[in-house]
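Each chain, written out:
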Amino acid sequence: MSVRLLLADDHPVVRAGLRAVLSAEPDFEIVGEAPTAEAAVERALAGGVDVVLMDLQFGAGLHGAEATAAITARPGAPRVLVLTTYDTDADILAAVEAGARHLLKDAPPEELSAAVRTAASGHSALAPAVADRLMDRMRTPAAALSRRELEVLELVKDGLSNQQISKKLFLSQATVKSHLVHIYAKLGVDSRTSAVAAATERGVIRRRG
């Protein structure tokens, strides 16, 4: 029985490459492509899809992790395998917590095909580097930034003030300051600039694109 695949990526060249690699497998059937996260959700929930290969970063609209959560929340939903060049803690946590079976986009074809089969069978297909990152977080939870702390730090990196962050995340300014205190302690820094630099260097947040 074929594994029915939906390719969700906003780059036509990437989708074409995935189609070329995966359609060569006798047990795979490409049943659709989606250039936006919204289109991926709509097509996945329409039925007839076993595994969605999902990019994380789309040009506008829904983020890949949000689309993943929308898809996997339904009973009997397709499995989602996230393909992305981003591998920061923020991206990994968002995707895995949304229900993705995560793999990095630069995996070789044989690894990709194996991951699709693993995801279709209901098991996790985490790339080794991703699994190691998650294990590190489990071993040292006190030093790992929470999802909310990661969100705050990403906005600090983007140059937002505490007041702007509080409005964007619907938090009080006191709560934002509290998150920053915890972020500084965990990263061993004493300023916003140092926090962004340290987190970027460690791969906790992504570098400016």
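Caption draft 1: A look at the overall build of the protein. Looking only at helices and strands, one finds 10 helices and 5 strands in the protein. A fraction of 63% describes how many contacts in the protein between residues 6 or more apart in sequence connect residues 24 or more apart.

Caption draft 2: Region of interest: the environment of Ile 165. Along the chain, Ile 165 falls in helix 8 (residues 162-169). Sequence-distant contacts of Ile 165, that is, excluding residues within four places in its chain, are made with Val 152, Leu 155, Val 156, Leu 160, Val 176 and Arg 192.

Caption draft 3: Here's a closer look at the packing of helix 9 (residues 173-187) against helix 10 (residues 192-201). Contact geometry of helix 9 with helix 10 gives a least axis separation of 10 Å together with a crossing angle of 55°. What the angle tells us is that helix 9 and helix 10 run oblique. For the crossing formed where helix 9 meets helix 10, the hand is left-handed. Contacts between helix 9 and helix 10 pair Leu 180, Ile 183, Tyr 184 and Leu 187 from the former with Arg 192, Ala 195 and Ala 199 from the latter. A class-by-class count of the residues in the contact of helix 9 with helix 10 yields 6 nonpolar, no polar and 1 charged.

Caption draft 4: Local environment of the pairing of strand 4 (residues 79-84). Here strand 4 lies mainly inside the structure; 5 of its 6 residues are buried. In this structure, strand 3 (residues 51-54) lies alongside strand 4, joined through 4 bridges in parallel fashion. Paired with Val 52 across the bridge in strand 4 is Val 80. On the question of chirality, the crossover connecting strand 3 to the parallel strand 4 by way of helix 3 (residues 64-72) is right-handed.

Caption draft 5: Fine view of the pattern of salt bridges. Applying the stated criterion across every chain, the model contains 8 salt bridges. A salt bridge links Asp 50 to Arg 4; the nearest nitrogen and oxygen atoms lie 3.0 Å apart. Placement of Asp 50 in the loop between helix 2 (37-45) and strand 3 and of Arg 4 in strand 1 (residues 3-8) is noted, with a sequence separation of 46 residues between them. Look at Asp 50 and you get partly exposed, because its relative accessible area is 23%. In this structure, the salt-bridge partner of Arg 19 is Glu 33, at a minimum N-O distance of 2.7 Å. Remark: Glu 33 occurs in strand 2 (residues 28-34) and Arg 19 occurs in helix 1 (residues 12-22); sequence separation between them is 14 residues. Classification of Glu 33 by relative accessible area gives partly exposed; the value is 35%. Through salt bridges that share partners, Arg 15, Arg 19 and Glu 33 make up one connected network.

Caption draft 6: Layout of the environment of Leu 145. When you line up the elements, Leu 145 lands in the loop between helix 6 (128-139) and helix 7 (147-157). A C-alpha to C-alpha distance of 8.4 Å links Leu 145 and His 182, two positions 37 residues apart in sequence.

Caption draft 7: Seen up close, the packing of helix 7 against helix 8. The interhelical angle for the contact between helix 7 and helix 8, taken along N-to-C directions, is 130°, at an axis separation of 10 Å. Of the possible angle classes, the one that applies to helix 7 and helix 8 is oblique. For helix 7 against helix 8, the interelement crossing comes out right-handed. In this structure, helix 7 contributes Arg 148, Glu 151, Val 152, Leu 155 and Val 156 to the contact, and helix 8 contributes Ile 165, Lys 168 and Leu 169. Split into classes, the residues belonging to the contact of helix 7 with helix 8 amount to 5 nonpolar, no polar and 3 charged.

Caption draft 8: Focus on the nonpolar core. Of all hydrophobic cores here, the largest spans 23 residues; its most connected members are Leu 153, Ile 165 and Ile 183. Of all elements in the fold, only helix 7, helix 8, helix 9 and helix 10 reach the threshold of two or more residues within this core. Filtering out sequence-adjacent residues up to four positions away, Leu 153 remains in contact with Leu 145, Ile 183, Leu 187, Ala 195, Val 196, Ala 199 and Ile 205. Ala 34, Ala 37, Ile 71 and Val 82 belong to the second-largest nonpolar core, a separate cluster that totals 20 residues.

Criteria and cut-off values
- Residues numbered from 1 in each chain as written.
- Predicted model: local features only at pLDDT ≥ 70, side-chain atom pairs only at ≥ 80, totals over all residues.
- Heavy atoms only, no water.
- Helix = DSSP H or I, 4+ residues; strand = E, 2+ residues; numbered from the N terminus.
- Contact = heavy atoms within 4.5 Å.
- Axes fitted to C-alpha atoms, helices over the stretch in contact; angles between N-to-C directions.
- Parallel < 35°, antiparallel > 145°, perpendicular 65-115°, else oblique.
- Left-handed = near helix turned anticlockwise from the far one by under 90°.
- Nonpolar A, V, L, I, M, F, W, Y, C, P; charged D, E, K, R; others polar.
- Buried < 20%, exposed > 50% of the residue type's maximum accessible area, 1.4 Å probe, protein only.
- Pairing = 2+ DSSP bridges.
- Right-handed = clockwise from strand over helix to strand, strands pointing away.
- Salt bridge = Lys/Arg side-chain N within 4 Å of Asp/Glu carboxyl O.
- Core = buried A, V, L, I, M, F, W, Y, C linked by side-chain atoms within 4.5 Å.

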